[in-house]
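Residue-level structural notes
Each chain, written out:
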Amino acid sequence: MTTVFKSLSARQTPSDLDLLRAALQSALDTADEAERPGLRRALGLVEGFVPGVGPDGVQRARTVLAEAGVDPRTAEVTAVREVRRAYPALSLQEAVDLVRLLVAQAA
C-alpha cells in the first residue's frame, strides 16, 4: 500500500521550498488582479510547510510588526529583526521567508 501523505519529519525543508516560493512570488509580482488571490493563497499554503513558522506564524509575525510599528514592505531588515526578537527560535532564513511572505500577502 502506498502512503499518500508524508509524515511531518519527511516534509520538505525550507531550502527545498525556496524554488517554489520564488516561483509563486514571481507569478504574484506579474499577476493581474484576478490571479492575485489564488497566488496569495498558494503562498500561504507553502508557508505551512516551513518548520518553525506554521499556519499561525504569519498572523503572529503580523501582530509583532504591527505592535512595533514596522511596515515589512518598506523596512524589511527591521521587520526581520523584530520577528527574530519576538521568536528567537526562528533561523535568520525562516524570519526572512516569513517577512517576505507577509509582503507578498500585502501586495
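In this report, the structure presented in the accompanying data block is examined. (Residues numbered from 1 in each chain as written. Predicted model: local features only at pLDDT ≥ 70, side-chain atom pairs only at ≥ 80, totals over all residues. Heavy atoms only, no water.)

Ranked by size, the top nonpolar core spans 21 residues in total, and within it Leu43, Leu65, Val83 and Leu98 carry the most contacts. At the level of elements, helix 1 (14-30), helix 2 (36-47), helix 3 (54-68), helix 4 (76-86) and helix 5 (92-106) are the ones that each hand at least two residues to this core. Examining the composition of this core, we find that seven residues originate from one element, helix 5, more than from any other. (Core = buried A, V, L, I, M, F, W, Y, C linked by side-chain atoms within 4.5 Å. Buried < 20%, exposed > 50% of the residue type's maximum accessible area, 1.4 Å probe, protein only. Helix = DSSP H or I, 4+ residues; strand = E, 2+ residues; numbered from the N terminus.)

Turning to helix 5, a few remarks are in order. With 15 residues, helix 5 should cover 21 Å at 1.5 Å per step; its first-to-last C-alpha distance of 21 Å lies within 8% of that length. Buried within helix 5 we find Glu94, Ala95, Val96, Asp97, Leu98, Val99, Leu101, Leu102 and Ala104. (Expected span 1.5 Å × (residues − 1).)

Take the pattern of salt bridges next. The full count for this structure, using the stated rule, is five salt bridges. Two residues, Glu76 and Arg100, come together in a salt bridge whose shortest N-O distance is 2.8 Å. One end of the pair, Glu76, is in helix 4; the other, Arg100, is in helix 5, and 24 residues separate them in sequence. Judged by relative accessible area, Glu76 falls into the partly exposed class, the value being 31%. Across the salt bridge formed by Glu82 and Arg81, the nearest N and O atoms sit 3.4 Å from each other. According to the relative accessible area criterion, Glu82 is buried, its value standing at 15%. What makes Arg81 partly exposed here is its relative accessible area of 41%. What you see here is one network of salt bridges that share partners, running through Arg81, Glu82 and Arg85. (Salt bridge = Lys/Arg side-chain N within 4 Å of Asp/Glu carboxyl O.)

Attention shifts here to helix 4. Inspection of helix 4 places Ala79, Val80, Glu82 and Val83 among the buried residues, and these make up the whole buried set. Seen from one end, helix 4 has its buried residues packed into an arc of 165 degrees, which puts them on one side. Along helix 4, the residues that are exposed and aim more than 90 degrees away from the buried face are Val77 and Arg85. (Arc of directions from axis to C-beta.)

Right, let's get into the packing of helix 4 against helix 5. It is the contact of helix 4 with helix 5, at a shortest axis distance of 9 Å, that shows an interaxial angle of 120 degrees. When the interaxial angle is binned, helix 4 and helix 5 end up oblique. Like other packed secondary-structure pairs, helix 4 and helix 5 cross with a definite hand, here right-handed. Listed contacts from helix 5 to Glu76, Ala79, Val80, Val83 and Arg84 of helix 4 are Leu92, Ala95, Val96, Leu98, Val99 and Arg100. (Axes fitted to C-alpha atoms, helices over the stretch in contact; angles between N-to-C directions. Parallel < 35°, antiparallel > 145°, perpendicular 65-115°, else oblique. Left-handed = near helix turned anticlockwise from the far one by under 90°. Contact = heavy atoms within 4.5 Å.)

Turning to the environment of Arg73, a few remarks are in order. Among the structural elements, Arg73 can be located in the loop between helix 3 and helix 4. Separated by 26 residues in sequence, Arg73 and Val99 have C-alpha atoms that sit 8.7 Å apart. When near neighbours in sequence (up to four residues on either side) are disregarded, Arg73 contacts Val103 and Ala106.

With that settled, the discussion passes to the environment of Thr74. Tracing the chain through its elements places Thr74 in the loop between helix 3 and helix 4. Residues Thr74 and Val103 lie 29 residues apart in sequence; the distance between their C-alpha atoms is 9.3 Å.

Interpretation note: all reported values are geometric properties and have no functional meaning in isolation.
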